[in-house]
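Single-letter residue listing:
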Amino acid sequence: MLVLTRQAADGATALRGGRLWRPTPYQVFGFLFWLLMSLAYWRVPLCCDAGQHAAVVERLTADLLRPRHPTADLPGAGSPYYSPYTVAQGAFARLTGLTGWEVVRLAGPLNLMVLLTGLGRFVRVLTPRPWAPVLALAALTLLGGTASSSGGLGLMSMTSNLGYPSAFATGLALWAWALTGTRARDTRPVRYVGPGGLRGVAGYAGLGALYGVILLVHPVTSVAAAVGLISMIAGRQRGWRSAVAGRWALTGVVALLVAWSWPYFDVFALGPVHRGVYADLGGQFWPAVLLGLPALWLRKRRSSWRDPLMLMFVLDCLAVAYGRLSGHYTYGGVLGLAPLPLQCALAVELAAPRPWPVWRRALGVAAAAGACFGFLTVQAGAVVPRSLDPVGFRQPPRWPSYDWAAQHIGPGEVVITDGHHAGRALAGHGPNLVAPVRPDPALDERERGRRLTDVRACLSPSSTRAERSAVVRRYRVRRLLLTRLRTLPEEAVVVAWSERTGEVLARVG
């Protein structure tokens, strides 16, 4: 009997690699979001705190090991701006010859990539539903409230803060939570001898190092990171015994050791943040609370109070309340990520397979309406250019550039300015200010207050030439950058002026 067989042609599967790779929904939409927001971030001029961060890079470029104060002609020892993140930026700037402004702008897409990959990994730890990370990203960026927040994760906030250390720290926190949740669910024993045991112990130590880096990069975000660490361990760890407790203790000890060993500043000696983090809480979070609380309650009904998202939300609320009532406003650092448990719970609920019950359909309709409302009222201007804007959406802030003034000021020269924008942007080009705009542990707050008083006295219309000259000599001032509302002193010589703002740069001393 003749048997016919069919042989596979040589190389028939070689071109396919044996298995065809198909991107997940989050990989597709995450890449498109990364591309869109990177372009939106580059489209808008850098503003707000970008000048401060650019100044940090400039000082590190000048001296990587002993940088001066970020914005004043003073020693910089003890400044929390010199974190592992900014030191890496300073080293990169020295190698490439880029300016501080250019490094901050390039950091935006990188920080966004860390944030997006961290979010995807974190949500996948919570659920295997493929569309949950996509919906979590939509909730995170569109259901952030109607009040502006520089530390938020809405589309409008991202056009300005993607290049900040806080954005990078937030992405690292999401990665740390995902890795914590994965290890907490791993019930396999970890031996302290043998290659496998060493890798296991090293994993817990590495996780602790990651939390230590978050603490150094952005101490305010580290409060939220610690809340997430506790929530993921308490919600997912089973089979507690001495060895398990020892591993997590190792994670905490390594985190503290990493933070303690950083030579540029003492993270444990930093003072509290300003109470402004508590401004307009309702306006910042009401959509997430309104839509996320029902989803979070359903998770609690199906599991227990040990659900990680439920624990994270409860601990966030307790930390916020304690910080507000006690005056320790540092605990308000959880506010940047406080809506995340609600938004992720909503995303996981709406990613459930169909058919949906009536209550889930109603929740989906409400979430879609909330996202549309948030986009049209707050976020649309971030991605819709003014030239294509059909209705006049609120646009991101467009601060003036001070390149015209910086080209006449030498690196490190001291400048007095009365402009809001100039005071926050000029130091990013290399000059120093007499009085830093923001508090910094590297400069005693009483000294900063005296310097601010001297600047006001020097710019006062009633000041004499002798009084102004005394301030100029005391702080070695070389330039004045004044708004058009201020009268130029008689001894100053005009060097340049801005057609856009009317500000005048003059030489003194």
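What you see is a predicted model, and the numbers here were worked out from it, not measured in a lab.

Caption draft 1: Up close: the overall build of the protein chain. Across its full length, the protein chain carries 18 helices and five strands. Taking all 509 residues of the protein chain together, 50% fall into the buried category. Taking the intrachain contacts of the protein chain between residues at least 6 apart in sequence as the baseline, contacts between residues at least 24 apart amount to 72%. Working note: accessible area of the protein chain is about 25,100 Å², and carbon and sulfur atoms make up 63% of it.

Caption draft 2: Region of the structure containing the packing of aromatic side chains. Scanning the entire structure with this criterion turns up eight aromatic pairs. Between tyrosine 402 and tryptophan 404, the aromatic rings sit 6.3 Å apart at their centres with planes inclined by 35°, giving tilted as the arrangement. On the accessibility criterion, tryptophan 404 (15% relative accessible area) is buried. Sitting over the ring of tyrosine 204, arginine 183 keeps its end group 4.8 Å from the ring centre. Geometry around tryptophan 356 places arginine 354 over its ring, the cationic atom sitting 4.6 Å from the centre.

Caption draft 3: Up close: the pattern of salt bridges. Within the structure shown, the criterion is met by 15 salt bridges. For aspartate 73, the salt bridge goes to arginine 68, with nearest N and O atoms at 3.1 Å. We note a salt bridge from aspartate 307 to arginine 299, for which the minimum N-O separation is 2.7 Å. Assessed through its relative accessible area of 12%, arginine 299 is described here as buried. Connected via shared salt-bridge partners are Arg68, Asp73 and Arg476.

Caption draft 4: Structural detail: a nonpolar patch on the surface. A cluster of nonpolar side chains, contributed by Val28, Phe29, Phe31, Leu32, Leu35, Leu39, Trp42, Phe92, Leu106 and Trp131, occupies part of the molecular surface with about 960 Å² of accessible area. For tryptophan 42, the position within the fold is in helix 1 (residues 25–43). When its relative accessible area of 42% is taken as the criterion, tryptophan 42 is described as partly exposed.

Caption draft 5: How the structure looks around the confidence of the model for the protein chain. Confidence in the prediction for the protein chain averages 87 pLDDT; 90% of positions are at 70 or higher. In the model, residues 1–6 has pLDDT below 50 throughout and makes zero contacts with residues more than four positions away in sequence or in other chains. Every residue in residues 192–198 scores below 50 in pLDDT, and together they form six contacts with partners more than four places removed in sequence or on other chains.

Caption draft 6: Representation of the pairing of strand 3 (residues 477–482). In terms of burial, strand 3 is a largely internal element, five of the six residues being buried. In this structure, strand 3 lies alongside strand 5 (residues 504–507), joined through four bridges in antiparallel fashion. Following the sheet pairing, leucine 480 is matched in strand 5 by alanine 506.

Caption draft 7: Looking closely at the sheet that holds strand 5. Spatially, the five strands line up as an open sheet ordered 2-1-3-5-4, and their pairing is mixed. Here the strands that pair on one side only, and so sit at the sheet edges, are strand 2 (432–433) and strand 4 (493–497). In this structure, strand 1 (residues 414–417) lies alongside strand 3, joined through four bridges in parallel fashion. In the sheet register, threonine 417 faces strand 3, and the bridge partner there is leucine 481.

Caption draft 8: Spotlight on the nonpolar core. In this structure, Leu119, Phe122, Trp177, Tyr211, Leu340 and Leu481 are the most contacted members of the largest nonpolar core, which totals 98 residues. Ranked by residues supplied to this core, first place goes to helix 4 (residues 100–126) with twelve residues. Not counting residues within four places of it along the chain, the set of residues in contact with leucine 481 comprises Tyr402, Trp404, Ala405, Val415, Ile416, Thr417, Asp418, Ala422, Leu426, Glu503, Val504 and Leu505. Ile416, Val455, Val472 and Ala492 belong to the second-largest nonpolar core, a separate cluster that totals 16 residues.

Caption draft 9: Region of interest: the environment of tryptophan 297. The residue tryptophan 297 is located in helix 11 (residues 281–302) in this model. Given a relative accessible area of 43%, tryptophan 297 falls into the partly exposed group.

Caption draft 10: Quick peek at the pairing of strand 4. Where strand 4 meets strand 5, four bridges bridge the pair, whose relative direction is antiparallel. Residue pairing for strand 5: tryptophan 497 is matched across the bridge by valine 504. Here strand 4 folds back onto strand 5, and the loop between the two strands holds six residues, one of which, glycine 502, carries a positive phi near 80°.

What counts, and at which threshold
Residues numbered from 1 in each chain as written. Predicted model: local features only at pLDDT ≥ 70, side-chain atom pairs only at ≥ 80, totals over all residues. Heavy atoms only, no water. Helix = DSSP H or I, 4+ residues; strand = E, 2+ residues; numbered from the N terminus. Buried < 20%, exposed > 50% of the residue type's maximum accessible area, 1.4 Å probe, protein only. Contact = heavy atoms within 4.5 Å. Areas by Shrake-Rupley, 256 points an atom, 1.4 Å probe, with all protein chains shown as cover. Phe/Tyr/Trp six-rings, centres within 6.5 Å; stacked < 30°, edge-to-face > 60°. Lys NZ or Arg CZ within 6 Å of the ring centre and 35° of its normal. Salt bridge = Lys/Arg side-chain N within 4 Å of Asp/Glu carboxyl O. Patch = residues over 30% accessible without salt bridge, like charges linked within 9 Å, V, L, I, M, F, W, Y side chains within 5 Å. pLDDT = per-residue confidence, 0-100. Pairing = 2+ DSSP bridges. Core = buried A, V, L, I, M, F, W, Y, C linked by side-chain atoms within 4.5 Å.

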